Amino acid sequence: MNHPIDRNRSWPVARGRFGVPTRSGGMGLILCGLLLSRAVVATEIRQFDDPVKQERYERLLKDLRCLVCQNQSLADSDADLARDLRNEVYGIIQSGKSTEEAAQFLVDRYGDFVLYRPPFKGITVLLWSGPFLLLGGGFVFLWRQAKRRADRGSADSALSDEERTRLRQIQDRFQR
Amino acid sequence: MTTSRMRFALPLLVFALLVALLAVGLRLDPREVPSPLIGKPAPGFSLPQVAAAEQRLSLADLKGQVFLLNVWASWCLSCREEHPLLLELAKRGIVPIYGLNYKDERETAQAWLKRFGDPYRASAFDADGRIGIEWGVYGVPETFVVDKQGLIRYKQTGPITPEVLEKKILPLVRQLQEAA
Amino acid sequence: MIAELGHIALIMALLMALLQGTFPLLGAAQGVEVWMRVAKPAGRAQFLFLLVSFLCLAASFVTNDFSLEYVARNSNSALPLYYRIAAVWGAHEGSMLLWALILGLWTVAVTIFSRSLAEEFLARVLSIMGLVSVGILLFILFTSNPFERLVPAPNDGADLNPLLQDFGMTVHPPMLYMGYVGLSVAFSFAVAALLGGSLDSAWARWSRPWTLIAWVFLTCGITLGSWWAYYELGWGGWWFWDPVENASFMPWLVATALIHSLAVTEKRGAFKAWTVLLAIFAFSLSLLGTFLVRSGVLTSVHAFASDPARGLFILIFLAIVVGGSLLLYSLRAPGVRDVARYGFFSRENLLLLNNILLVTAAGSILLGTLYPLVLDALGLGKISVGPPYFSTVFAPLMAPIFLLAGIGAMFGWREAALDRIWRRVRYLLPLSYLVGIGLAAVAFEGSDFKTMAGLGTAVWLAASTLATLWNRVRLRGHWVAGLRAQSPSTYGMTVAHLGLAVFLTGVVLSGRFSEEKWVRMAPDDSVTLSGYTFRFFGTEKVTGPNFVAQEGKFRVEREGDGRELRPQKRSYRVQRNPMTEAAIDPGWWRDLYVALGEPMDNGAWSVRLYVKPFIRWVWCGGLLMIAGGLLAASDRRYRLSVRRIALAPERSVATKPA
């Protein structure tokens, strides 16, 4: 379960505490993998003057993607950049701005990649409507199948009425 | 009749599309995050320099010329890979290179430049990384190509390779330099 | 020496697989019996060679042979013996060998439990499995050989990733592979049936127990993975919609659709082409999952070494296997005559609805997982699709299933007596919701609409499932006789659907009422959460076999009753990066969860505390589904052999199920 080694990049490692410098760019990613095990709990203990702001902050962080440990949300990642970005978000929320503004701050600098909830725009129309289209298609299929089986059923004259009743009785007896 | 036969071929068609998509996907890097700042004005900054804290480097100073901004740090190992290329590029004098020293310590940064060479006209000292965030930096090294009007035209994530330099960066730089 | 032996055994296995994959298939096509007879011995020989190869690799780990690159990268002399064996499948090469071994195991199982199968059909089934084996073994031998030597050999290895040094993580991959690979049996049955040109209901009857058992393993693997993520990764989460989690969930959804569809095909001869298609889909999604994990196309926590060259190989393999079978489907399926007739309100249609919902869910998850790749490939930029998307899309799709699963079996085949059904449930339905909403409102303060609706639905699902059972029991007069008369198949369905209700309850309640706190705690500090008081008593140093740790001591009390929790912050000697082991006090009604963060000033630590009500119900639901599946697979009718039926036709009329 090694991480995909990306030898081209380095990320700042919290120095001092670990004392482990990035041996090669790739170790940064392996670090992410091990950090996943909650090596350091991402708990800068933040003070908010308003519990509403705290809830906004915590909820937003869960919906933002870390750019370094890309399989973790900003809430859970221990990467240095994640800590810095949490600082930014904290500042914005604490100053009274909305979650949308805080998210937009990050999107302006890093793009839509940073949002775990894909925005509803032209290129994501298929994404958001896809499941409904699939379901619709499925219902159409179901409808057509049902009609075909029922129609042919009513036209089925191979059995006489009496035979059909008897058949039904036998089927009912063995029905599970 | 043909339409009903056709619907049995639908799964195969969808699958073929999927395979094509995945084949293309093999050549892509899912980890790379493209910059939304391409074509937009470069974020302004005014930072002390690495060489001497009293001297400052501002974006405003650099306006009117095409330049490269290279994000580097002494703790970054991949930076050493591209460093010889930057030195050579600086020697060729085609385009000025400025540095953004990201989340580093001044003495270590200066020592690093002394040891490996200094291709930068000047290096800004971004100790806490906030300017890096403004530029959408998420790893080191990264290099930006900025035009005469101060717009970001290209971002390289990861070390510059000779191929990228010759095929992408230098042609772009020349094109921008020729423009008004 | 042992490694070379293992390597040779692998090559021999490939040769056996080649024999197994070619001769019987040609034999079936040409009617040459001798060639068809090659299938069984070739399959068994292939397994034996694979077993030797696997044991050789295991032996290399046990004896700490670091001259093997794979061992050097994944083991260490200080690693306890148990984990050294588990390390065999800890990374890409070894896990592929395990995959191949398990395929061999299923092959042998098919050779043994197939006395009732026609020779031609069996030959085809084994051949197709053999061809899949050939692909996998070629892949291993050419791109992922675990027996590569490392020269010069290091003195010691890099150690197994600490995350994998854990019981859950060692059992999870084998269970999952048993499921993924088990779906290849259903796949082979389907393709063999297509090749043979006869898609009669006997094919479905033969397929069903195999598919059920594969489904059981898959359920087990996913449940284990979720449970492991919960206690190991330390955030109290149990599902993250990570691409590779999705990759295991999609085949599960389609396999669930498949086992329901097989029921219809077996009993009513309906949905023949559709069931075949589902069998192909299920295994295709298994292979797709294998591709996604190992090709580097998506970023994921679970990704093995991402090597585009390996990715290309698997993609070509996928294209051949799935493309070939879908091509065969497009050619042969139109000729299948479905003679079944059924009304609009019938069990057939309900099960078809179930299928459509499950397949749509799987399709939606696939869409969400691959969409970022689609946009990137088209040069339209990069987006992320994460839990907000999946949970928004998935829940509404599953809602009809929760509503209908309980009463589905009340609907008769062909023509359901709607009035009779309504009479049975017209009080039960509102009553269930009243109970659910009442419970939510009274017992769980702060319930919102979603919680009430969810709990109401869970109660309805459980009640309607039991009502369906009761309905059948009642038919036999006395209830004891009635209970005894029910088949394991009926009990299997009942238990599995109850498991679904338990799962839903766990999801709804833990989702709404979980509480967490991140705090700084100094020794003797207390924090209260959800009525529980957590008290910290400082940390002390402990030593493990291959790690050192700081162990914290916590006491959690509520209304006089107290528990002790000891979370650890470990530092493994070789890989050196710190790792947290959360301390959990499990319970039927709630979990208490403590994780150490960072040491702060003066012996204080940053700590994460959780109270998670009903979270165990999530996995208990999974366990019940596993039990249900096993019950259903144990039904006697799967064990009747053709010979016995042929010899006693009169008796068989009474004993042969409808």
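Predicted model, so just to flag it, every value in this text is computed and none were measured.

A. The arrangement of the packing of helix 11 (residues 272-295) of chain C against helix 13 (residues 347-377) of chain C in detail. All names here are of chain C. Packing of helix 11 against helix 13 leaves a shortest axis separation of 13 Å and a crossing angle of 25 degrees. The angle between the axes of helix 11 and helix 13 places the two elements in the roughly parallel class. Judged by the sense of rotation from one axis to the other, the crossing of helix 11 with helix 13 is left-handed. Residues Trp274, Leu278, Leu288 and Leu292 of helix 11 pack against Leu352, Asn355, Val359, Leu366 and Leu370 of helix 13. Class assignment of the residues belonging to the contact of helix 11 with helix 13 gives a composition of 8 nonpolar, 1 polar and no charged.

B. The arrangement of the pairing of strand 3 (residues 67-72) of chain B in detail. Residue and element names in this part refer to chain B. Of all 6 residues in strand 3, 6 are buried, a share of seventy percent or more. Side-chain alternation along strand 3 places Phe67, Leu69 and Val71 on one buried face and Leu68, Asn70 and Trp72 on a second face that is also buried. Note: strand 3 against strand 4 (residues 97-102), 5 bridges, orientation parallel. Among the inter-strand pairings, valine 71 is bridged to a residue of strand 4, identified as leucine 100. Following the backbone out of strand 3, through helix 2 (residues 78-92) and into the adjacent parallel strand 4, one traces a crossover that is right-handed.

C. Looking closely at the confidence of the model for chain A. Residues and elements named next belong to chain A. Mean pLDDT for chain A: 73, with 65% of residues reaching 70 or above. Within chain A, no element has a lower average pLDDT than helix 1 (residues 25-35), which sits at 44, and none a higher one than helix 4 (residues 99-110), at 94. Per-residue pLDDT stays below 50 along residues 33-42; that stretch engages in 48 contacts with residues further than four places along the chain or on separate chains.

D. Seen up close, the sheet that holds strand 5 (residues 123-126) of chain B. Residues and elements named next belong to chain B. If you walk across this open sheet you meet the 5 strands as 5-4-3-6-7, and the pairing is mixed. Either end of the sheet is taken by a strand with one partner, and the two such strands are strand 5 and strand 7 (152-157). Ignoring strand direction, the axes of neighbouring strands in this sheet form an average angle of 20 degrees. Note: strand 6 (residues 142-146) against strand 7, 5 bridges, orientation antiparallel. Bridging across to strand 7, glutamate 142 finds its partner in threonine 157.

E. Structural detail: the environment of Met129(C). By the element assignment, Met129(C) lies in helix 7 (residues 119-143). Non-local contacts of Met129(C), meaning those with residues more than four positions away in its chain, are made with Gln20(C), Leu103(C), Trp106(C), Thr107(C), Val110(C), Ser184(C), Val185(C) and Ser188(C).

F. Up close: the interface of chain B and chain C. Listed per partner, the contact involves 20 residues of chain B and 31 residues of chain C. Regarding the contact of chain B and chain C, the summed buried area is about 2100 Å², with carbon and sulfur atoms giving 83% of it. The largest share of the area that chain B buries against chain C comes from Phe8(B), Leu22(B) and Leu26(B), three residues that together contribute 31% of it. At the junction of chain B and chain C, the tally comes to 0 salt bridges. Counting the contacts that link chain B with chain C gives 2 residue pairs in polar contact (both at pLDDT 80 or more). Considering only residue class, the side of chain B that touches chain C consists of 15 nonpolar, 1 polar and 4 charged.

G. Quick peek at a nonpolar patch on the surface. Residues and elements named next belong to chain C. Among the surface-exposed residues, Leu19, Phe23, Leu26, Val34 and Trp35 lie close enough to one another that they form a single nonpolar patch of about 430 Å² accessible area. Listing elements by their share of the nonpolar patch, those giving two or more residues are helix 1 (2-30) and helix 2 (33-37). At 3 residues, the largest contribution of residues to the nonpolar patch is made by helix 1.

H. Up close: the sheet that holds strand 8 (residues 583-585) of chain C. All names here are of chain C. Taken together, the 4 strands give an open sheet; going across it, the order is 1-10-9-8, and neighbouring strands pair in antiparallel fashion. What marks the edges here is a single partner per strand, and that holds for strand 1 (515-521) and strand 8. Taking each pair of neighbouring strands and ignoring which way they run, the sheet shows an average axis angle of 15 degrees. Two strands pair when backbone bridges link them, and strand 8 and strand 9 (residues 590-599) are joined in this way by 3 bridges, in the antiparallel orientation. From the neighbouring strand, aspartate 585 faces strand 9, where its bridge partner is leucine 592. Of the strands in this sheet, strand 8, strand 9 and strand 10 (605-613) are in contact with helix 9 (residues 201-233), which crosses strand 9 at around 45 degrees.

I. Here's a closer look at the pattern of salt bridges. Applying the stated rule across the entire model yields 37 salt bridges over all chains. Among the salt bridges present, the one from Asp76(A) reaches Arg608(C), with a minimum N-O distance of 3.7 Å. Linking Asp76(A) in the loop between helix 2 (51-62) and helix 3 (80-94) with Arg608(C) in strand 10, this pair reaches from one chain into another. For the pair formed by Asp76(A) and Arg608(C), the shared burial category is buried. Between Glu564(C) and Arg566(C) there is a salt bridge, and its shortest N-O distance comes to 3.0 Å. The structure contains a network of salt bridges with shared partners spanning Glu69(C), Arg73(C), Glu93(C) and Arg310(C).

Calculation notes
Residues numbered from 1 in each chain as written. Chains lettered and ligands numbered in written order. Predicted model: local features only at pLDDT ≥ 70, side-chain atom pairs only at ≥ 80, totals over all residues. Heavy atoms only, no water. Axes fitted to C-alpha atoms, helices over the stretch in contact; angles between N-to-C directions. Helix = DSSP H or I, 4+ residues; strand = E, 2+ residues; numbered from the N terminus. Parallel < 35°, antiparallel > 145°, perpendicular 65-115°, else oblique. Left-handed = near helix turned anticlockwise from the far one by under 90°. Contact = heavy atoms within 4.5 Å. Nonpolar A, V, L, I, M, F, W, Y, C, P; charged D, E, K, R; others polar. Buried < 20%, exposed > 50% of the residue type's maximum accessible area, 1.4 Å probe, protein only. Pairing = 2+ DSSP bridges. Right-handed = clockwise from strand over helix to strand, strands pointing away. pLDDT = per-residue confidence, 0-100. Buried area = accessible area lost by both parts, 1.4 Å probe. Salt bridge = Lys/Arg side-chain N within 4 Å of Asp/Glu carboxyl O. Polar contact = N/O pair within 3.5 Å; in protein donor to acceptor, adjacent residues only side chain to side chain. Patch = residues over 30% accessible without salt bridge, like charges linked within 9 Å, V, L, I, M, F, W, Y side chains within 5 Å. Areas by Shrake-Rupley, 256 points an atom, 1.4 Å probe, with all protein chains shown as cover.

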